[in-house]
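Architecture at a glance
Next come the chains, spelled out residue by residue.
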Amino acid sequence: MFHLSFLLILVGAAVTRYIGFEGIMLIDEGQTTSQFLSETTYINVIVDNNEEQKTVHKPILLSAWGKNSWSYAAAFRDKEYKVNLVDYIPWAEKKLVDDENGDEYLFFVESSSGSRHEHYIKSGTIQNIHNILVGYNAPDNSASINIFKRNDSLKINAKEAGTFQVMATQEKGNLTKDSTQDFKLRSLYNVHGLPFVVPQYPSKGVMKTISGVKDDKMLDVVVLDIITNNETKRVELTGGKFNSDDTKEFTLNGLNFRIWYGAKILETPFKVKLNDFQLEKYPGSESAASYASEVTVIDDNETFDFKIFMNHILDHKGYKLFQASYDLSGEKEQTHLSVNHDFLGTLITYLGYSFLYTGMICIFFAKFTRFDDLKNSLKKIRKKKTTMSVLFAIFVCSFSYSQHENGHGASRISDQQVDSILKSNLVSLEHAESFNKLVIQDAGGRMKPAHTFASELVRKVSQTETLYGMEPSQVLLSIIENPKLWYEVPAVFLEKGNTKIRVQLGLPETAKYARLSDFFTDNATYKIREDVAEAQKKSVKSYFDKDLIKIDKRVGLLYGAIGGGILKIYPIPGDENNKWVSQPETSSTEGFKPQDSFFVRRSLNLYVQLLQTAKKTGDYTKANQILAGIKKYQEKFGSEVLPSDRQVELEIAYNKYSVFTKLVRYYGFASLLLILFVVAQIFSTKKWISYVVKILIGVAVSLFILHTLGLAARWYISGNAPWSNAYESIIFVAWATMLFGLFLGRKSALTITATTFITAVTLFFASQSWLDPEIANLQPVLNSWWLKVHVSIIVASYGPFTLGLILGIFSLFIMLFTNENNKKRMDVHIKELTVINEMAITVGLVMLTIGTFLGGMWANESWGRYWGWDPKETWALISIMVYAFVLHMRLIPGLRGRYTFNLWSIIAYASIMMTYFGVNFYLSGLHSYASGDRVITPTTVYYCIGFVAILGTFSWFKYKKYYKK
């Protein structure tokens, strides 16, 4: 059945590749079309002789790295012509290359559409920029904005009045209509509604097309030579995937050519009309929660309405239409529908998947399978163990869990004064508990209690759980009450070892935290503004660049908290997107009813005043009344998105107990004790030691139950399955590892010991600062039941593989400590662990295979293709092949044996690490988190390689001496 399934999958892939096709349909609201752009990129040529016409579409696949070679030859009415690729320029952009003999250009930067656009205006010319005529040394008075030279200084004359602001000094000024004034470089001007900056003095050069920074939104350029009858025409075409613009037309040797680089225009046998595009956002944010297209399908025989949205496809006449994306930048809303025509390929492939799933599941239940043999072998080994006393020495592993110190080193007297002021103005914990339940809307639209909001703020800004002995909610209340003081509180965490940023801020090299005021000069200039902007532009970022960007984000968070802009606690009555605003925003926001406007604009200030009084008297009654009033206002106007009291209380409890952080220690201590007493059990037959081992196993089971409850609580709080991001997937892998360890090794103390240890290590990695434990909203494509099926199976499969890793390590250690006296006893344990290891890897491989191909089905339902060689898909397939090889080594002479199997169960885990971590950070794809950044391989990887090499080498000698036959 396995062989038949893979044969069908391969046949289905071939049908898809050579018969099926796909593309994207772009439809404006109200528009009807049957045309769509092909997924494949072509050089498209239409040639005619004024009487007849011929169209040729030649596929072209180009690489941004290495050399590209492409050409094709054809003939039209006995006239031969050839098209040769001369150059390929990915992510092309026009740039001025300095040249003293070139023309003079003005570098003009504007952001009228909300994003940065660069223009080079040649001296003596005028450009139309968003319907505004901008000139440089324009010869007449036709430019709306004219910048020109006079005695080597720049002047400006505009037909409309405007404003400007000097960035360095924050000086503001006005631009008078039809008046010549001095033009200031590196100043933000706003004229005719066009915001612009000229960052540098005009220079001479030549405009050239060059390859820019990797950006999928940028188009590419191909340079082609068209040759016919010894005549050559060189053309430069701008285009790329899903592009059909920039057509070049010319005549050569009596033939008329129309040529473009990009998609071929295809047609469906029916028309689609977009009646309405619907975009739902998370409450009060610009983040898309879901989007859908209400369409009418117009066919010769029938007309019907249909709603297309993520994971809900339109299937008609063998064509599938998927909701891919959208564009709201034009005058009308535009939907992007993926189009797929692959009925036969999908049918054959899905049939192969069905056979594969059935066959793999039957492995666990059918008689006379390898898995059945392993179960029987394990029973025999355990019977043998009961009649033998086991005496062997095992290497005792230990690890330490060091807590993050919350020291702030009062190296300066002013720091001590700040600390004293903070403590003297501390809000009581009792009142902070009441404040914790206040609901806040975050930037992503998630509704969360103030306790969560405060905890995330402190953790992100200061990289710690508490600050100066204050709980997070006390910190947030202190910021609300004394915002000016927090400019002088050392709270912004600085990365260890980065002395350059400390020198730039004027801080000692040992400083752990910086004040907000350290980042600004006396005239309020942001010291690291230019460095951050430069770091963000770089495709390959240094450690300094990455640290700088992180610090900039922390500064922005603290600055927003001090300004009050991120404390969104007031729902706007009747707002269709359920938007909430902060107190400073209430004065400029419409929608508040007259009877409520006074409350929303004054309640927070009144609360602060009453808070100050309450701290002196110890009576928080009136302050609590204001809090209660804000909560009632939220219930009245924000009930649609307001979480229930039960959810709020559970989330606060979840934050306080920090289940997964504490489980690191609990699992760690339990595994250490298990190792010690399991070793003691080997050297002694005393019953009390066996009882202690059983009690510790009971503790491990209890911790697993607590682990399960923590995942369930996170699921309930977020409303989503708890494996939707990196942090959640790691704690889920730890859970799956423990689950399979307890199940497969339920009668093996060594297996449970190893499982508890590796679970502690896995959770330890989840608690590191580079992972964010924040509960966040899902991306639209993840808001599907497929997340619960595909991702849960894939991630859970890493549990048995992790179990196989640690069992392999334990087995090699047992071999390492074998001697003549304990050989027989050690052999029994090695057999037991090896059998459990093979069972674990078998379970993991079945789950990984099923999960991977279920992911292909999800991709087909979401994007219209079930396999696209995305890096994640590819490495999942590699992992399947690697572990399939490990399980089949027993059939290969020279690779049989328990030593080889256990060693390879360790080595094979590298493929899982690459699939899980490496793809996300090293490669670019649909599953990537950090594409484009250079990733430095952690030194831990090299230590692990060295550890495996040393362990494998020394255990081989012992295996060869005592076990190899």
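Here is a short report on the structure shown in this document.

**Some points on the overall build of the protein**
- The secondary structure content of the protein amounts to 24 helices and 32 strands.
- With the C-alpha coordinates aligned to their principal axes, the bounding extent of the protein is approximately 105 × 95 × 60 Å.
- Split into buried and exposed, the 965 residues of the protein put 49% on the buried side.
- In the protein, the proportion of contacts linking residues at least 24 apart, taken out of those at least 6 apart, comes to 64%.
- A total accessible area of about 47400 Å² is found for the protein, and carbon and sulfur atoms account for 55% of it.
- Of the charged side chains in the protein, 104 are positive and 92 negative; the average position of the first set lies 13 Å away from that of the second.

**As for helix H16 (residues 687–718)**
- A rise of 1.5 Å per residue sets the reference length of H16, with its 32 residues, at 46 Å; its end C-alpha atoms lie 47 Å apart and thus fit the reference within 8%.
- Once H16 ends, the next one or two residues include Gly719, with phi positive near 80°.

**Some thoughts on the packing of H16 against helix H18 (residues 749–766)**
- Two elements in contact, H16 and H18, have axes whose closest approach is 11 Å; the angle formed by their N-to-C orientations is 40°. One finds that H16 runs oblique with respect to H18. You can see that H16 and H18 cross each other, and the crossing is left-handed. Each of Val693, Ile697, Ala700 and His707 in H16 lies in contact with H18, whose residues at this interface are Ala749, Ile752, Thr756 and Leu763.
- Considering only residue class, the contact of H16 with H18 consists of six nonpolar, two polar and no charged.

**Some details on the packing of aromatic side chains**
- Here the structure, examined in full by the defined rule, presents 32 aromatic pairs.
- On the numbers, 5.4 Å between centres and 80° between planes, the contact of Tyr81 with Phe257 is edge-to-face. You can see Tyr81 sitting in strand E5 (residues 79–89) and its partner Phe257 sitting in strand E21 (residues 255–281), a full 176 residues away along the chain.
- Grouping aromatic residues by their ring pairs yields a cluster made of Trp70, Tyr72, Tyr81, Phe250 and Phe257.
- In this structure, Lys500 is placed above the aromatic ring of Phe544, and the distance from its NZ or CZ to the ring centre is 4.2 Å.
- A cation over an aromatic ring shows up here: Arg746 above the ring of Phe743, its NZ or CZ 4.9 Å from the ring centre.

Parameters at a glance
Residues numbered from 1 in each chain as written. Predicted model: local features only at pLDDT ≥ 70, side-chain atom pairs only at ≥ 80, totals over all residues. Heavy atoms only, no water. Helix = DSSP H or I, 4+ residues; strand = E, 2+ residues; numbered from the N terminus. Buried < 20%, exposed > 50% of the residue type's maximum accessible area, 1.4 Å probe, protein only. Contact = heavy atoms within 4.5 Å. Areas by Shrake-Rupley, 256 points an atom, 1.4 Å probe, with all protein chains shown as cover. Lys, Arg positive; Asp, Glu negative; His and termini not counted. Charge placed at Lys NZ, Arg CZ, Asp CG, Glu CD. Expected span 1.5 Å × (residues − 1). Axes fitted to C-alpha atoms, helices over the stretch in contact; angles between N-to-C directions. Parallel < 35°, antiparallel > 145°, perpendicular 65-115°, else oblique. Left-handed = near helix turned anticlockwise from the far one by under 90°. Nonpolar A, V, L, I, M, F, W, Y, C, P; charged D, E, K, R; others polar. Phe/Tyr/Trp six-rings, centres within 6.5 Å; stacked < 30°, edge-to-face > 60°. Lys NZ or Arg CZ within 6 Å of the ring centre and 35° of its normal.

Read these as spatial facts, not as claims about activity.
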